[in-house]
Amino acid sequence: MQKIILACLLFFSTSGLYGQSWMLLRQEPIQLAYKIPYNWFVGGLEKQPDYWRSLNTAPKGDINFLLLCSEELRAEELEQKAVWNYHFEGQDSSAADSLQGEFGLWQKRGHWREDRLEIVRSWAWKKGKRHYLLYIWGREDKMKAFAHKKLPKVLASISFLDD
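Not measured: the values here are computed from a predicted model.

Criteria and cut-off values
- Residues numbered from 1 in each chain as written.
- Predicted model: local features only at pLDDT ≥ 70, side-chain atom pairs only at ≥ 80, totals over all residues.
- Heavy atoms only, no water.
- Helix = DSSP H or I, 4+ residues; strand = E, 2+ residues; numbered from the N terminus.
- Buried < 20%, exposed > 50% of the residue type's maximum accessible area, 1.4 Å probe, protein only.
- pLDDT = per-residue confidence, 0-100.
- Contact = heavy atoms within 4.5 Å.
- Phe/Tyr/Trp six-rings, centres within 6.5 Å; stacked < 30°, edge-to-face > 60°.
- Lys NZ or Arg CZ within 6 Å of the ring centre and 35° of its normal.
- Salt bridge = Lys/Arg side-chain N within 4 Å of Asp/Glu carboxyl O.
- Pairing = 2+ DSSP bridges.

Let us look at unusual backbone geometry. Backbone geometry at W84 places phi at a positive 50°, although glycine is not the residue there. Along the chain, the position of W84 falls in the loop between α2 (75–78) and β6 (88–91). A positive phi angle, close to 70°, is found at N85, a residue other than glycine. Considering the arrangement of structural elements, one finds N85 in the loop between α2 and β6. Taking relative accessible area as the criterion, N85 reaches 63% and is therefore assigned exposed.

The next subject is the confidence of the model for the chain. Mean pLDDT over the chain works out to 84, with 80% of the residues at or above the 70 mark. Of the regions scoring below 50 in pLDDT, residues 3–18 engages in three contacts with residues more than four places distant in sequence or in other chains.

Attention now goes to the packing of aromatic side chains. Each aromatic ring pair is specified by the distance between its two centres and by the angle formed by the two planes. All told, the structure shown has nine aromatic pairs when counted by the stated rule. Relative to W112, the ring of F88 lies with its centre 6.3 Å away and its plane at 80°, an arrangement referred to as edge-to-face. Placement of the pair is F88 in strand β6 and W112 in strand β7 (residues 106–112), with a sequence separation of 24 residues. Exposure class is identical for F88 and W112. Each is buried. Three or more aromatic residues joined by ring pairs form one cluster here, namely Y86, F88, W112, Y135 and W137. Sitting over the ring of F160, K127 keeps its end group 5.5 Å from the ring centre.

This structure, assessed with the given rule, holds 14 salt bridges. Across the pair E28 and R26 runs a salt bridge whose closest N-O atoms are separated by 2.9 Å. We classify E28 as partly exposed; its relative accessible area is 40%. Among the ionic pairs, E118 bridges to R139, the shortest N-O distance being 3.2 Å.

Alignment of strand β1 (residues 22–27) against strand β2 (residues 32–37), held across six bridges, turns out to be antiparallel. Bridged to L24 within β2 is K35. Between β1 and β2, which follow one another and run antiparallel, lie four residues, and Q31 among them has a positive phi close to 55°.

Turning to the sheet that holds strand β10 (residues 159–160), a few remarks are in order. An order of β1-β2-β10 is seen for the three strands of this open sheet, with the pairing classed as antiparallel. Every other strand in the sheet has two partners, leaving β1 and β10 as the edge strands with one partner each.

Spelled out as structure tokens, the structure:
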């Protein structure tokens with residue numbers, strides 16, 4: 001009986017840990033912080049010639065989260081950058097697809113030109129001199145599950161470090 005109780009306690013404590021734990025990423029060079037699920041791969045912040053990029057990926061690569069930031073390039077120009085040889089093709093978004101946050105972000109939906117099976121969502125916003133562009137992508141079933149359960153928490157957690 002004690003083994004069963006111990007096994008149940010272990011199961012519930014680890015399922016709570018894995019299902020609800022988040023980590024806060026503070027990216028000082030781009031003055032941004034946000035939360036992602038704790039078990040995601042954190043690629044770190046990488047400097048490119050005229051912008052920064054940060055990749056975070058869910059286990060098995062089912063969902064990918066790429067953040068671009070630049071003081072020289074506007075969001076529309078960042079959108080033209082290749083993402084590891086993939087190019088974003090936005091589609092017309094209805095008003096229902098748009099998201100307004102406290103810092104006026106907007107959303108576009110689309111896909112990669114080179115892989116139309118991947119659903120891509122992009123958000124863009126500006127704070128001071130910095131322009132930000134966020135891509136989140138994955139296969140349709142994975143994106144729907146992520147959007148329903150975790151995406152609102154990720155987006156709500158975005159904060160500026162210079163506020």
